[in-house]
Amino acid sequence: MAADIFAGAQASATLGASQSAQPEVSKWFFLRYALAYIGTFTALITPVVMTLAVRIEAIDPVNKGANLGIVLGLGALAALIANPLFGMLSDRTTSRFGRRRPWMVGGVLLGLISLLIIAQSSSIAVIALFWCITQGALNAALSALIAVVADQVPEHQRARVSAIAGMSTNIGMLVGTAIVAMVGTGGTAMFLWPTLFGVAMVLLFCLINEDKAVQPSAAREKISAAAVLKSFWVNPVKFPDYGWAWLSRFLVFYGTSTLLAYQVYVLIDMFAVAPEAIPGMMLLSTIITAVSVVIFASIAGWYSDRTGKRKIFVFIAAVVFAIGLTVLVSTGTLTGFFIGIAIQAAGFGVYLSIDQALVVDVLPNRETEAAKNLGVMNIANAVPQTLAPAIAPIILMVGGQGNYTLLFIVAAIVTFGGALAILPVKGAK
């Protein structure tokens, strides 16, 4: 069985050579890729931004903040491990069903099962365990989905596909929040229906999208402990552009991890929003976010592909995102909060739309190790999800429990550092 699943270096090199002259992808590809991305993030982000917080508060309202930080932190650690690991395995997969498709399908189905167990559990420990499994499974699917860009999309279309991915992340958040607003925050439904939507969209993509099987080579590179450890590393000295891009993403995602983890509690504790009103408020927040992201990501992605410029968009986007984080906790009003949401969403939409294209442009060994190296890049997404909730209680001790102003100002400063980190990149304009 292992001989049928994992490809060697020669097979990967052969596939890479065949991809060197990639034909343009169609508008139909854009659409189905967007739907798959929306579905994956509907399943993945809805628990992060709302349903886990609601479930944990129902179990232990007194210690909700600490418990949420632990659960999200452990899950992010699982994502950190899963993304490059399953990316490496995806690169080597020689299944007759393709090298990306098995990981996408298996990942979303396992994620669905794990979330249903979370919905039925009243134990924080069990929730933490199965959230780790969920993160691992859905990040396996995500690592394969992201690698499709390197596999099939030519350079002059990557910013537009990256823009679609950036928009889809927030649209997925909107879809998940809307579903929860319709089905309510009680019982299994708030976990079941957003995830079922994600499963359906990924299955649709996998059924239609071409994913050629890689023929096993007679000379196979064995899966070893060294190969697994190597899957978590790209040398930033040898590939400095990749290293700076990684650092920029890490710092920016610290800011977004803070927002995603604590937005519900900001509304409850700073603006006295009743828990039962949270789905409506989160729906409004995600509508504002999605509209802002779609508008600015579309414009930025189109203009970036037309001009070939990446860095200036990423820099400005990170700065705008940092400003939005500051505004949403500084005015003391719900109106100001939503204005801040709109500002940060504009910045983050542009960032997501261009950053992924920039990363693919400077990606080392794109033909043979695309999924693995994109998985290492996604460690920069995952580590802040662990770090931000771990650091937040310390900052809240200084700023005062229930006062999230200092927490978000620190996040804004770190995000601005992400803007500065993109400037040394030389392999992109």
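Keep in mind the model is a prediction, meaning the values are calculated, not measured.

It is worth spelling out the overall build of the chain at this point. Tallying secondary structure elements over the chain gives 15 helices and 0 strands in all. Going through the 429 residues of the chain one by one, you find that 57% of them count as buried. Partitioning the intrachain contacts of the chain with sequence separation of at least 6 by distance along the chain shows that 85% fall at a separation of at least 24. With an accessible surface of roughly 16200 Å², the chain has 70% of that area assigned to carbon and sulfur atoms.

Right, let's get into the pattern of salt bridges. All chains considered together, the criterion is met by 6 salt bridges. Close ionic contact of R99 with D151 constitutes a salt bridge, the shortest N to O distance being 3.1 Å. With R99 in the loop between helix 4 (64-92) and helix 5 (101-120) and D151 in helix 6 (residues 124-152), the pair connects residues that are 52 residues apart, well separated along the chain. A single burial state applies to R99 and to D151, both of which are buried. The shortest N-O distance in the salt bridge between R249 and D355 comes to 2.7 Å. You can see R249 sitting in helix 10 (residues 240-269) and its partner D355 sitting in helix 13 (residues 334-361), a full 106 residues away along the chain. One network of salt bridges, in which partners are shared, links D91, R99, R100 and D151.

Looking now at the packing of helix 10 against helix 15 (residues 405-421). Packed helices, taken two at a time, are described by the angle their axes make and the gap between the axes. Viewed as axis vectors pointing N to C, helix 10 and helix 15 meet at an angle of 160°, and their least axial separation amounts to 7 Å. It follows from the interaxial angle that helix 10 and helix 15 lie roughly antiparallel. The chirality of how helix 10 crosses helix 15 is left-handed. Here helix 10 contributes W244, L247, S248, L251, V252, Y254, G255, T258, L259, Y262 and V266 to the contact with helix 15, which in turn contributes L407, F408, V410, A411, V414, T415, G417, G418 and A421. Looking at the contact of helix 10 with helix 15, its residues break down into 14 nonpolar, 6 polar and no charged.

Before going further, it helps to examine the packing of aromatic side chains. One pass over the full model with this rule turns up 15 aromatic pairs. Taking the centre distance of 6.0 Å and the plane angle of 70° together, the rings of Y303 and F313 count as edge-to-face. Of this pair, Y303 sits in helix 11 (residues 278-307) while F313 sits in helix 12 (residues 311-330), and the two are 10 residues apart along the sequence. Look at F313 and you get buried, because its relative accessible area is 16%. What links up through ring pairs into an aromatic cluster is the set F29, Y33, Y37, F41 and F205.

Put simply, helix 12 and helix 15 touch, their axes get as near as 8 Å, and they point 175° apart. With respect to helix 15, the element helix 12 is oriented roughly antiparallel. In contact with F315, A318, V319, F321, A322, L325, T326, L328 and V329 of helix 12, helix 15 contributes T405, F408, A411, A412, T415, F416, G418, A419 and L420. Grouping the constituent residues of the contact of helix 12 with helix 15 by class yields 14 nonpolar, 4 polar and no charged.

Per the stated rule, a full pass over the model turns up 2 cavities of 30 Å³ or more. There is about 620 Å³ of room inside the largest cavity. Every residue lining the largest cavity is counted, 42 residues in all, and those nearest its centre are F41, I45, T169, F253 and N381. Where the lining of the largest cavity is concerned, the elements lending two or more residues are helix 3 (27-59), helix 4, helix 6, helix 7 (158-183), helix 10, helix 11, helix 13 and helix 14 (366-399). Partitioned by chemical class, the residues of the lining of the largest cavity number 23 nonpolar, 17 polar and 2 charged. Its boundaries defined by the atoms lining it, the second largest cavity holds a volume of some 60 Å³. Together, Y33, Y37, I146, V149, R158, V161, S162, A165, Q356, A357 and V360 line the second largest cavity.

Next up on the list: the confidence of the model for the chain. Chain-level statistics for the chain give a pLDDT mean of 82 and a share of 87% at 70 or above. Here helix 1 (residues 2-5) stands out as the element of the chain with the lowest mean pLDDT, 32, in contrast to helix 5, whose mean of 95 is the highest. Counted against residues more than four places away or in other chains, residues 1-20, with its pLDDT under 50, gives 40 contacts.

Cut-offs used in this document
- Residues numbered from 1 in each chain as written.
- Predicted model: local features only at pLDDT ≥ 70, side-chain atom pairs only at ≥ 80, totals over all residues.
- Heavy atoms only, no water.
- Helix = DSSP H or I, 4+ residues; strand = E, 2+ residues; numbered from the N terminus.
- Buried < 20%, exposed > 50% of the residue type's maximum accessible area, 1.4 Å probe, protein only.
- Contact = heavy atoms within 4.5 Å.
- Areas by Shrake-Rupley, 256 points an atom, 1.4 Å probe, with all protein chains shown as cover.
- Salt bridge = Lys/Arg side-chain N within 4 Å of Asp/Glu carboxyl O.
- Axes fitted to C-alpha atoms, helices over the stretch in contact; angles between N-to-C directions.
- Parallel < 35°, antiparallel > 145°, perpendicular 65-115°, else oblique.
- Left-handed = near helix turned anticlockwise from the far one by under 90°.
- Nonpolar A, V, L, I, M, F, W, Y, C, P; charged D, E, K, R; others polar.
- Phe/Tyr/Trp six-rings, centres within 6.5 Å; stacked < 30°, edge-to-face > 60°.
- 1 Å grid on protein atoms, 1.4 Å probe; cavity = no way out; pocket = protein on both sides within 12 Å on 5 of 7 lines; lining within 4 Å.
- Points joined across faces, edges and corners; volume = space filled by probe spheres on them.
- pLDDT = per-residue confidence, 0-100.

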